[in-house]
Amino acid sequence: KLNVKEDAVEKNKSQIDKSSKKYNFTKIAAIESRGFVFASAVSYILKKPFIMLRKKNKLPADVHSIDFEFDGTATIEVHKDSLNENDSVLIIDDLIATGGTAEAAAKLVETSKAKVAAFVFVINLFDLGGSDNLIKDNYKVENLIEFPGH
């Protein structure tokens with residue numbers, strides 16, 4: 001029998017899997033690092049390549065980089081050869097607050113000439129406006145759980 005933590009992860013993984021089937025995509029990307037937990041499982045289940053969007057200087061090969069505001073300035077990167085113009089990417093993360101990291105992830109995918117198919121977030125801190133901002137920018141967004149951020 002699963003314990004509470006295992007059961008919660010399994011339920012979220014199943015919900016992400018169900019939500020992701022609404023979209024046409026070739027690859028799954030996740031934002032470091034908690035997003036890796038969910039995205040890697042869904043990637044495995046759906047047999048789609050898994051792309052890591054990582055903090056600066058964590059990837060060994062040539063990268064595209066995007067700077068964004070996150071408690072100061074932060075940078076996320078992706079290998080240059082991970083995505084191309086034929087790719088449509090589902091971006092998965094554990095949480096969205098103001099949306100700065102998610103917007104940077106979208107820019108990173110688009111810098112690689114790929115398209116963002118949609119975002120899936122386990123938790124949306126709805127009163128901080130991140131999901132709404134992505135939707136206003138014409139991105140498709142799925143949120144599994146809604147919580148206030150304040």
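Now for a description of the structure that goes with this document. Values in this document were obtained by computation on a predicted structure and should not be read as measured data. (Residues numbered from 1 in each chain as written. Predicted model: local features only at pLDDT ≥ 70, side-chain atom pairs only at ≥ 80, totals over all residues. Heavy atoms only, no water.)

Let us now look at the sheet that holds strand β3 (residues 63-69). Taken together, 7 strands build an open sheet; the order of strands is β3-β4-β2-β1-β5-β6-β7 and the sheet is mixed. Strands with a single pairing partner mark the edges of an open sheet, and in this sheet they are β3 and β7 (141-147). Adjacent strand axes in the sheet meet at a mean angle of 20 degrees when their direction is disregarded. Strand direction decides the pairing type here: β3 and strand β4 (residues 73-79), joined by 7 bridges, are antiparallel. If you follow Asp67 over to β4, its bridge partner there is Thr75. Contacts from helix α2 (residues 34-46) reach β1 (27-31), β2 (50-55), β5 (88-96) and β6 (115-125) within the one sheet, and its direction differs from that of β1 by about 165 degrees. Against the sheet, helix α3 (residues 100-111) touches β1, β2, β3, β4, β5 and β6, its axis set at about 155 degrees to β3. (Pairing = 2+ DSSP bridges. Helix = DSSP H or I, 4+ residues; strand = E, 2+ residues; numbered from the N terminus. Axes fitted to C-alpha atoms, helices over the stretch in contact; angles between N-to-C directions. Contact = heavy atoms within 4.5 Å.)

Moving on, we get to the environment of Met52. Inspection of the secondary structure assignment puts Met52 in strand β2. Classification of Met52 by relative accessible area gives partly exposed; the value is 35%. (Buried < 20%, exposed > 50% of the residue type's maximum accessible area, 1.4 Å probe, protein only.)

Looking at the secondary structure, you find Glu77 in strand β4. Summary of buried charges: Glu77 has no salt-bridge partner, and the nearest side chain of opposite charge, Lys56, is 5.8 Å away. Apart from the residues lying within four places of it in its own chain, the contact partners of Glu77 are Met52, Leu53, Arg54, Lys55, Lys56, Asn57, Lys58, Leu59, Val63, His64, Ser65 and Leu108. (Lys, Arg positive; Asp, Glu negative; His and termini not counted. Salt bridge = Lys/Arg side-chain N within 4 Å of Asp/Glu carboxyl O.)

Moving on to α2. Relative to the 18 Å expected for 13 residues at 1.5 Å per residue, α2 spans 19 Å between its end C-alpha atoms, a close match to the ideal helical length. Regarding α2, the residues found buried are Gly35, Phe36, Phe38, Ala39, Val42 and Ser43. (Expected span 1.5 Å × (residues − 1).)

Keep in mind these numbers describe shape, not what the thing actually does.
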